[in-house]
Amino acid sequence: MIIDRFFSTDPSVKRHLAKTITWRIVGSVDTMGVAWIITGNPLIGLKIGGLEVITKMILYFLHERVWYKVNFGLDKRRKIKNES
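What you see is a predicted model; the values in this text were computed from it and never measured.

Calculation rules
- Along each chain, the written sequence defines residue order, and numbers are assigned to residues from 1.
- This being a predicted model, a pLDDT of at least 70 is required before a residue's local features are given, and a value of 80 or more before pairs of side-chain atoms are given or counted; all residues contribute to the totals for chains, interfaces and linings.
- To obtain the side-chain values, all non-hydrogen atoms of the structure were included, while hydrogens and water were left out.
- Every helix listed is a DSSP run of H or I at least four residues long, and every strand listed is a run of E at least two residues long, numbered separately from the N terminus.
- Expected span, for any helix, means 1.5 Å times one less than how many residues it has.
- One axis is fitted to the seven residues ending at the residue and one to the seven starting there. The bend at that residue is the angle between these axes.
- Each residue is assigned to one of three classes by its accessible area relative to the maximum for its type, calculated with a 1.4 Å probe on protein chains only: buried under 20%, partly exposed between the two thresholds, exposed over 50%.
- As used in this structure description, the phrase polar contact means that two N or O atoms lie within 3.5 Å; if the pair is within protein, one of them must be able to donate a hydrogen and the other to accept it, and residues adjacent in sequence are counted only when both atoms belong to side chains.
- A score between 0 and 100, pLDDT records how confident the predictor is in each residue.
- In this analysis, axes come from line fits to C-alpha atoms, helices being fitted only over the stretch in contact, and the angle between any two N-to-C directions falls in the range 0 to 180 degrees.
- For classification, angles of less than 35 degrees are called roughly parallel, those exceeding 145 degrees roughly antiparallel, those between 65 and 115 degrees roughly perpendicular, and all remaining angles oblique.
- Each crossing is labelled by how the near helix is turned from the far one, with a counterclockwise turn of less than a right angle marking it left-handed and a clockwise turn marking it right-handed.
- Salt bridge, as used here: a side-chain nitrogen of Lys or Arg that lies within 4 Å of a carboxyl oxygen of Asp or Glu.

Draft legend 1. Structural context of helix α3 (residues 42–69). With 28 residues, α3 should reach 40 Å at 1.5 Å per residue; the first-to-last C-alpha distance of 40 Å fits that figure. Of all the bends in α3, the greatest, near 35°, is centred on valine 53. Taken residue by residue, α3 has Gly45, Gly49, Glu52, Phe61, Glu64, Arg65 and Tyr68 as its buried positions. The distance from a side-chain oxygen at the start of α3 to the backbone nitrogen of leucine 43 is 2.8 Å, and the residue carrying that oxygen is asparagine 41.

Draft legend 2. Structural detail: the environment of threonine 22. Tracing the sequence through the fold places threonine 22 in helix α2 (residues 11–39). By relative accessible area, which is 48% here, threonine 22 ends up partly exposed. The spacing of threonine 22 and methionine 57 is 35 residues in sequence and 9.6 Å in space, taken between C-alpha atoms. Within the structure, threonine 22 has its side chain in polar contact with the backbone oxygen of lysine 19 (distance 3.3 Å).

Draft legend 3. Region of interest: the confidence of the model for the chain. For the chain, the mean per-residue pLDDT works out to 82, and 77% of the residues sit at or above 70. Ranking the elements of the chain by mean pLDDT puts helix α1 (residues 2–6) last, at 54, and α2 first, at 89.

Draft legend 4. Seen up close, the packing of α2 against α3. Following both chains from N to C, one finds α2 and α3 inclined at 150°, their axes separated by 7 Å at the closest point. Between α2 and α3, the angle is such that the two are roughly antiparallel. The handedness of the crossing between α2 and α3 comes out as right-handed.

Draft legend 5. Structural detail: the environment of isoleucine 25. Here isoleucine 25 lies in helix α2. Judged by relative accessible area, isoleucine 25 falls into the exposed class, the value being 52%. With 24 residues separating them along the chain, isoleucine 25 and glycine 49 place their C-alpha atoms 9.9 Å apart.

Draft legend 6. Main features of the pattern of salt bridges. Tallied over the entire structure, the rule returns three salt bridges. Note that glutamate 64 and lysine 19 form a salt bridge whose closest N and O atoms lie 3.6 Å from each other. Here the residue glutamate 64 occupies a position in helix α3, and lysine 19 occupies one in helix α2, the gap between them amounting to 45 residues. Residue lysine 19 is classed as partly exposed on the basis of its relative accessible area, which comes to 31%. The residue glutamate 52 makes a salt bridge to arginine 24 at a minimum N-O spacing of 2.9 Å. Within this pair, whereas glutamate 52 is found in helix α3, its partner arginine 24 is found in helix α2, the two being separated by 28 residues in sequence. For the pair shown, glutamate 52 and arginine 24 are each scored as buried. Through salt bridges with shared partners, a single ionic network connects Arg24, Glu52 and Lys56.

So, in structure tokens, the structure goes:
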């Protein structure tokens, strides 16, 4: 699969990538709708939504990866993983 060539085969990376894409779809539809309502112009809504799709996907993915490495609130999971 193409994803395997660019990312680790670690299932958490694939999961974070899938969550990134699906969440971005929801967020972009929301942004487009809000921009349309505020401006009254659906084309402006599409332009604004289209522009933020890529930047927010990248930011969300990086955010997920940082949180995955942070032990905040996951002491039990880390201990179990290290004992294995």
